[in-house]
Amino acid sequence: MSNGTTHHGPMLRRVLQHRTALYAYIFACVRKHSEADDILQDVFVAAVESIDQIKDEAGVLPWLREIARRRILAHGVAERRTIAILRQSRHRSMESVIKSRCA
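Residues numbered from 1 in each chain as written. Predicted model: local features only at pLDDT ≥ 70, side-chain atom pairs only at ≥ 80, totals over all residues. Heavy atoms only, no water.

1. What to know about the overall build of the protein
Note the following rule: Think of it this way: any DSSP run of H or I at least four residues long counts as a helix, any run of E at least two long counts as a strand, and we number them from the N terminus. The classification of residues rests on relative accessible area computed with a 1.4 Å probe and restricted to protein chains. Under 20% of the type maximum is buried, over 50% is exposed, and intermediate values are partly exposed. Pairs of residues are marked as contacts when any of their non-hydrogen atoms sit within 4.5 Å. Under the convention used here, a 1.4 Å probe and the Shrake-Rupley method define accessible areas, while residue burial counts only the protein chains that appear.
The helix and strand inventory of the protein stands at four helices and zero strands. Taken from the N to the C terminus, the helices and strands of the protein come in the order α-α-α-α. Residues classed as buried in the protein amount to 28% of the 103 residues present. Expressed as a percentage of contacts within the protein between residues at least 6 apart in sequence, the contacts between residues at least 24 apart total 63%. Carbon and sulfur atoms form 55% of the exposed surface of the protein, whose accessible area is close to 7,700 Å².

Structural data, given as structure tokens:
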């Protein structure tokens with residue numbers, strides 16, 4: 001009885017071989033090591049979950065870069081949303097302080 005790891009072992013090794021290049025690409029986009037680490041982990045999880053999609057070993061790096069690009073874009077959207085929420089919250093807090101001092 002063979003499991004998915006045994007069946008996909010060579011392709012998984014190929015995916016892991018691109019770790020350094022992929023990390024460099026992600027870090028160049030986000031400029032924070034902690035965020036690059038998180039995104040890289042997300043990319044590897046997505047790659048393992050959809051390893052059956054890749055048929056050609058030569059296409060592994062472009063495939064991984066596309067996954068990374070999408071994760072980076074999603075990360076940027078989430079970060080901008082968080083910043084907007086924090087600014088809005090700070091603005092509301094300042095308004096309530098002003099109202100309480102002027103009342």
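After that view, the rundown keeps rolling.
2. A few points about the confidence of the model for the protein
We apply this condition: Scored from 0 to 100, pLDDT records how confident the predictor is in each individual residue.
When pLDDT is averaged across the protein, the result is 83; 81% of the residues are at 70 or more. When mean pLDDT is taken per element in the protein, helix 3 (residues 33–49) scores highest with 95 and helix 1 (residues 4–17) scores lowest with 77. Confidence drops under pLDDT 50 across residues 1–5; counting only partners more than four residues distant or on other chains, this segment forms one contact.

3. Structural notes on the environment of Leu22
On the secondary structure map, Leu22 appears in helix 2 (residues 19–30). Look at Leu22 and you get buried, because its relative accessible area is 0%. Residues Leu22 and Leu64 lie 42 residues apart in sequence; the distance between their C-alpha atoms is 7.5 Å. Among all residues touching Leu22, those that are not within four sequence positions of it are Leu40, Val43, Phe44, Leu64, Arg65 and Ala68.

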